[in-house]
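Results of the structural survey
For reference, the chains in residue letters:
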Amino acid sequence: MTVVGSANADFTMRLPALPARGETVTGGRFLQAFGGKGANSVVAAARLGSPTTAAGFVARLGNDAQAESMLAAFGRDGIGVEHVTRDPEMPSGAALVMVGDAGDNYLAVAPGSNHRLMPEHVDAAREMIADSAVLLTQMEVPAETVRHAIELAAAAGVTVILNFAPTVEADLDWDKVDVLVVNETEAEQLGRGATLEASAVALLGRGVGRVVITLGADGVLIVEERGVTRVEAFEVKAVDTTAAGDTFCGALAVRMAEGSVLEEACRWAQAAAALCVTGLGAQPSIPTRSEVERWLQSR
Ligand code: ADP
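What comes next concerns the included structure. (Residues numbered from 1 in each chain as written. Predicted model: local features only at pLDDT ≥ 70, side-chain atom pairs only at ≥ 80, totals over all residues. Heavy atoms only, no water.)

Re the sheet that holds strand β9 (residues 159-163)
Read across the sheet, nine strands follow the order β5-β4-β1-β8-β9-β10-β11-β12-β13 without closing on themselves; strand pairing throughout is mixed. If you trace the sheet from one side to the other, it starts and ends with β5 (80-86) and β13 (227-231), each paired once. Mean inter-strand twist for the sheet, computed between neighbouring axes without regard to direction, equals 20°. Both strand β1 (residues 2-4) and strand β8 (residues 134-138) contribute to a ladder of three bridges, which runs parallel. Residue Val3 lies in a different strand from β8, and its bridge partner there is Leu136. (Pairing = 2+ DSSP bridges. Helix = DSSP H or I, 4+ residues; strand = E, 2+ residues; numbered from the N terminus. Axes fitted to C-alpha atoms, helices over the stretch in contact; angles between N-to-C directions.)

Quick look at the layout of surface pockets
Estimated volume of the largest pocket: approximately 1200 Å³. Forming the boundary of the largest pocket are 46 residues, of which Asn183, Thr241, Ala243, Ala244 and Gly245 lie nearest the centre. In terms of residue count, helix α8 (residues 244-257) provides more of the lining of the largest pocket than any other element does, five residues in total. Each residue belonging to the lining of the largest pocket can be placed in one class, and the counts come to 22 nonpolar, 16 polar and eight charged. (1 Å grid on protein atoms, 1.4 Å probe; cavity = no way out; pocket = protein on both sides within 12 Å on 5 of 7 lines; lining within 4 Å. Points joined across faces, edges and corners; volume = space filled by probe spheres on them. Nonpolar A, V, L, I, M, F, W, Y, C, P; charged D, E, K, R; others polar.)

Some points on the pairing of strand β7 (residues 105-110)
With six bridges joining them, strand β6 (residues 93-99) and β7 adopt antiparallel strand pairing. Bridge pairing in β7 links Val99 to Asn105. The turn joining β6 and β7, which pair antiparallel and follow one another in sequence, is formed by five residues; a positive phi near 85° is taken by Gly103.

Regarding the state of the cysteines
According to the stated counting rule, one finds zero disulfides in the structure shown. With no disulfide of its own, Cys249 lies closest to Cys266 among cysteine sulfurs, the gap being 9.5 Å. In this structure Cys249 comes out as buried when scored by relative accessible area, which is 1%. (Disulfide = S-S within 2.5 Å. Buried < 20%, exposed > 50% of the residue type's maximum accessible area, 1.4 Å probe, protein only.)

So, the sheet that holds β6
Backbone hydrogen bonds are what pair the strands of a sheet, in a parallel or an antiparallel way. Read across the sheet, four strands follow the order β3-β2-β6-β7 without closing on themselves; strand pairing throughout is mixed. Looking at which strands have only one partner, the edges of the open sheet turn out to be β3 (29-35) and β7. The mean inter-strand angle of the sheet, taken between neighbouring strand axes irrespective of direction, is 20°. Relative to β3, strand β2 (residues 8-14) runs antiparallel, the two being bridged by seven bridges. By the bridge assignment for β3, Arg14 is matched with Arg29. Packing against the sheet, helix α2 (residues 65-76) makes contact with β2 and β3, and its axis sits at approximately 70° to β3. (Contact = heavy atoms within 4.5 Å.)

Considering a nonpolar patch on the surface
There is a patch of nonpolar side chains on the surface, built from Met13, Phe30, Met98 and Tyr106 and spanning about 380 Å² of accessible area. Looking at where Tyr106 falls in the secondary structure, it is placed in strand β7. (Patch = residues over 30% accessible without salt bridge, like charges linked within 9 Å, V, L, I, M, F, W, Y side chains within 5 Å. Areas by Shrake-Rupley, 256 points an atom, 1.4 Å probe, with all protein chains shown as cover. Salt bridge = Lys/Arg side-chain N within 4 Å of Asp/Glu carboxyl O.)

Topic: helix α1 (residues 37-48)
Helix length check: α1 (twelve residues) gives 16 Å between terminal C-alpha atoms against 16 Å at 1.5 Å per residue, within 8%. Of all the twelve residues making up α1, ten are buried; the element is thus mostly covered by neighbouring parts of the structure. Among all positions in α1, only Gly38, Ala39, Asn40, Ser41, Val42, Val43, Ala44, Ala45, Ala46 and Leu48 are buried. (Expected span 1.5 Å × (residues − 1).)

With respect to the side chain of Glu186
Its place among the elements puts Glu186 in helix α6 (residues 184-191). In this structure Glu186 is buried but unpaired, with Lys37 as the nearest side chain of opposite charge at 5.3 Å. Polar contacts involving the side chain of Glu186 include one to the main-chain amide nitrogen of Asn183, which spans 2.8 Å. What Glu186 contacts, discounting residues up to four positions off in sequence, is Asn163, Phe164, Ala165 and Thr167. (Lys, Arg positive; Asp, Glu negative; His and termini not counted. Polar contact = N/O pair within 3.5 Å; in protein donor to acceptor, adjacent residues only side chain to side chain.)

See below:
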C-alpha cells in the first residue's frame, strides 16, 4: 500500500487542563514524538500490516535534524522510504499539541516542507502506487498533489481511500475516491447537509463510492447507496486522541488491502484506534498487529 502525505515533528504537552486564551497552565509533561497525518497513517499501516501489505510513503521532509530522525524512525517501522525526499530550503513540518486531562486537545501546525510535496514527486512514485492494492492520502499536502495521486491510482485500478482532513478548498475527482473518511466536523463542512447523513449522501452524489464518518467514542457511520450502517467503537479510557483518526485510516487501508469487507475493516480499525487513544503522543501510541489481535482476544 502507498500513503501520500505529510510528516511532522510533534511537540506534545500533557496538562492538568487545557488553558483558556491568555492563561498559563503549569504542571505539564513534555513529549517529543513524530506525527503528521500521512506519517501516522503509514506507521499504522506498517505496524498493523502483513508482508502482503508492505507500506510505502511518498512525502517531503525538510533540511533539518528532525528529518533525519523521522527517516530513521520510518526505517525502524519497515516503511518504504524510497520516495521520501528532502527539501533543501524548508524546515520539516512541525506541530504543537496540548492535551488536557480528558484527552481533549489543541493542535497548531506549521506545514514547512509538506507544502513542497508536488505532483512530480508523485509521478516519481508511479510504479510503487500502481503496484499497491490501496492508496491512502489526506489533505495536509497540496491539493494538486492529492488530486494527482488519486488520478494515478485510479487509472491503475488501485483502491483509493481519501481522509479529507483537514478541510481545505480542493477541486478533486470525487468519483475516483472509493472510500472517503471524514470526522463529524469535516463531514458537515464538506457535505453541507442538514444532518450528518444528509452531508454524506451529498458526498455520494458527487461520485464518492462510500463515506465513512468517524464519531470518536461513538464509533463510525458507513454511508453508501444501499443505506447507513453504524459500527460501535470500543470502550477505553482515553488518554490522548491524537492520531486516532490516522490509526483508523491506516488500519482500514490494511484490511481493505487484505480484502476485508468495509464493515469488518471498520470494526478492526476501531480496535486499533481505541488502543491508540490509550497512549500519549501520535506515533508512540500506534499499536502493532499482534497487540490489536491480543487485545481483541482478551476482551
Ligand atoms: P479524528 O481524531 O480524526 O477527529 P475521531 O475522533 O472520530 O477522529 O476518532 C477516530 C476513531 O478513533 C473513532 O471512530 C473511534 O473508533 C476511535 N476513537 C476515537 N476516540 C475514541 C474514544 N474516546 N474511545 C474509543 N475509541 C475512540
